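Now for the letters of each chain:
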Amino acid sequence: MAGVLLFGGSFDPIHYGHLIVSRCAAEQLAVERIILTPGAHPPHKRGQQLTAAQDRLEMCRRAVADDPLFEVSDWESRQAGPNYTLRTVQHFRAVLPARTRLHWLLGMDSLVELGTWYKVGELAAACSLVSAGRPGYDRPGLSELAGVLTAEQIEALRENILETPLIEISATDIRARVRAGLSIRHLVPDAVREYIAARGLYAAC
Ligand code: ATP
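Here's what I pulled together on the structure shown here. Along each chain, residue indices are assigned from 1 in the same order as the chain's sequence is written. Residues qualify for local features only when their pLDDT is at least 70, as the model is predicted, and side-chain atom pairs are given and counted only at 80 or more; totals for whole chains, interfaces and linings, by contrast, use all residues. For side-chain calculations, the full set of non-hydrogen atoms in the structure is used, while hydrogens and water are omitted.

Remarks on the sheet that holds strand β3 (residues 70-72)
Criterion used throughout: strands pair if DSSP finds at least two bridges between them. Starting at the N terminus, helices and strands are each numbered in turn, a helix being any DSSP run of H or I of at least four residues and a strand any DSSP run of E of at least two. Strand order in this open sheet of 6 strands is β3-β2-β1-β4-β5-β6, and the pairing throughout is parallel. In the strand order of this sheet, the two ends are held by β3 and β6 (161-162), each with one partner. Relative to β6, strand β5 (residues 128-132) is paired through 2 bridges, and the arrangement is parallel. By the bridge assignment for β6, Ala132 is matched with Leu162. Should any heavy atoms of two residues lie within 4.5 Å, those residues are considered in contact. Axis geometry follows a simple rule: fit a line to the C-alpha atoms, using only the stretch in contact for helices, then measure angles between N-to-C directions, giving values from 0 to 180 degrees. Its contacts with the sheet place helix α1 (residues 16-29) against β1 (3-9), β2 (33-38), β3, β4 (101-107), β5 and β6, and it is angled at close to 155° to β1. Helix α3 (residues 85-95) rests against β1, β2 and β4 of the sheet, and its axis sits at about 150° to β4.

Here it is as structure tokens:
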């Protein structure tokens with residue numbers, strides 16, 4: 001059965017942490033495709049000034065232009081309201097061939113917050129939630145999810161913490177480095193670094 005790994009985020013900007021971890025997760029899950037879905041309005045980034053969705057989308061496209069494993073979807077970027085993951089998964093369920101295995105990848109910082117996500121029980125039923133370690137974030141106990149997830153869903157979340165490399169890169173740090181006039185070489189693909197420089201992104205935020 002074909003499988004797809006969906007990976008959403010603000011990607012402001014996309015960086016090697018995202019790329020290394022998602023590629024490694026895709027190998028472990030034996031999926032043929034990773035679909036990056038940069039969100040126009042990520043609910044967990046409310047109140048944060050994000051770079052224009054078109055710029056974040058374009059950086060994703062340039063980051064993976066020469067990697068056939070990746071695709072970039074503009075679907076979330078085109079949605080008016082908050083980008084609830086459940087809605088995105090339902091969209092891909094509707095457009096991908098029937099019986100496609102759908103996985104949604106979360107970094108450990110996102111797994112820690114999962115209880116605050118929109119209709120998380122329905123989300124866990126609609127796809128397989130898989131997660132990747134991130135420096136600074138311990139595996140959560142997950143027992144606090146008992147009110148919103150079934151025991152089987154919580155067990156699946158625990159089992160689906162993948163063995164991926166711990167990469168200490170964050171978009172927050174990249175933005176701060178650009179603002180401080182420091183290099184972001186080796187933190188983002190060259191095509192993304194060049195785009196940031198050409199568009200003057202993050203220089204004065
Ligand atoms: P910011 O610093 O602006 O919060 P970020 O680096 O966390 O950004 P996001 O676009 O918010 O990047 O993250 C999208 C998804 O990728 C989230 O699930 C997040 O947990 C995960 N992620 C981001 N960076 C890493 C990393 N270095 N290792 C593992 N997962 C990551």
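Picking up where we left off.
Focus on the site of the ligand
Think of it this way: one heavy atom of a residue within 4 Å of a molecule or strand is enough to make that residue near it. What surrounds the ligand is a group of 22 residues, the closest being Lys45, Asp109, Arg134, Ala171 and Thr172. Polar contacts here mean pairs of N or O atoms no more than 3.5 Å apart (in protein, one a potential hydrogen donor and the other a potential acceptor; neighbouring residues in sequence count only if both atoms are side-chain atoms). At 2.5 Å, a side-chain N or O of Asp109 approaches an oxygen atom of the ligand. Here Arg175 contributes a side-chain N or O atom positioned 2.9 Å from an oxygen atom of the ligand. The fraction of the free accessible surface of the ligand (600 Å²) that becomes covered by protein chains is 93%. In this analysis the probe radius is 1.4 Å and the grid spacing 1 Å, with only protein atoms considered; a cavity is a set of points the probe fits into but cannot get out of, a pocket is an open set with protein on both sides within 12 Å along at least five of seven lines, and lining residues have an atom within 4 Å of a point. Think of it this way: a molecule belongs to a cavity or pocket when more than half its atoms come within 2 Å of the grid points there. Of the pockets mapped on this structure, the ligand occupies the largest pocket. Of all elements in the fold, only β1, α1, β4, α4 (108-112) and α7 (171-179) reach the threshold of two or more residues within the shell around the ligand. Looking at the shell around the ligand residue by residue, the class counts come to 7 nonpolar, 11 polar and 4 charged. Surface exposure here means Shrake-Rupley accessible area, sampled with a 1.4 Å probe, where a residue is shielded only by the protein chains that are shown. Each residue receives one of three labels: charged for Asp, Glu, Lys and Arg, nonpolar for Ala, Val, Leu, Ile, Met, Phe, Trp, Tyr, Cys and Pro, and polar for the others, Gly being one of them.

Re α3
Within α3, the full set of buried residues consists of Thr85, Leu86, Thr88, Val89 and Phe92. When α3 is viewed along its axis, its buried side chains cluster within an angular range of 160° and face the same direction. Facing away from the buried surface of α3 by more than 90 degrees, the exposed residues are Ala94 and Val95. The inward-facing, buried residues of α3 contact β1, β2, β4 and α5 (120-126). Only protein chains enter the calculation, and the probe is 1.4 Å; a residue is then buried if its accessible area is under 20% of its type maximum, exposed if over 50%, and partly exposed in between. As used here, the arc is the angular range of directions from the helix axis to the C-beta atoms.

Things to note about the side chain of Thr164
Along the polypeptide, Thr164 turns up in the loop between β6 and α7. Residue classification places Thr164 among the buried residues on the basis of a relative accessible area of 11%. Discounting chain neighbours no more than four positions away, the residues touching Thr164 are Val21, Cys24, Ala25, Gln28, Ala132 and Gly133.

Side note on the side chain of His18
Relative to the elements of secondary structure, His18 occurs in helix α1. At a separation of 3.0 Å, a polar atom in the side chain of His18 contacts the main-chain amide nitrogen of His15.

Digging into the layout of surface pockets
Taken as a whole, the largest pocket encloses approximately 970 Å³ of empty space. In terms of lining residues, the largest pocket is bounded by 43 residues, among which His44, Lys45, Asp109, Ser110 and Arg134 are the most central. Looking at the lining of the largest pocket, the elements with two or more residues in it are β1, α1, β4, α4 and α7. For the lining of the largest pocket, the leading source of residues is β4, giving 4 residues. Residues belonging to the lining of the largest pocket are distributed by class as follows: 18 nonpolar, 17 polar and 8 charged. Grid points are joined across faces, edges and corners, and a volume is the space filled by probe spheres set on the points.

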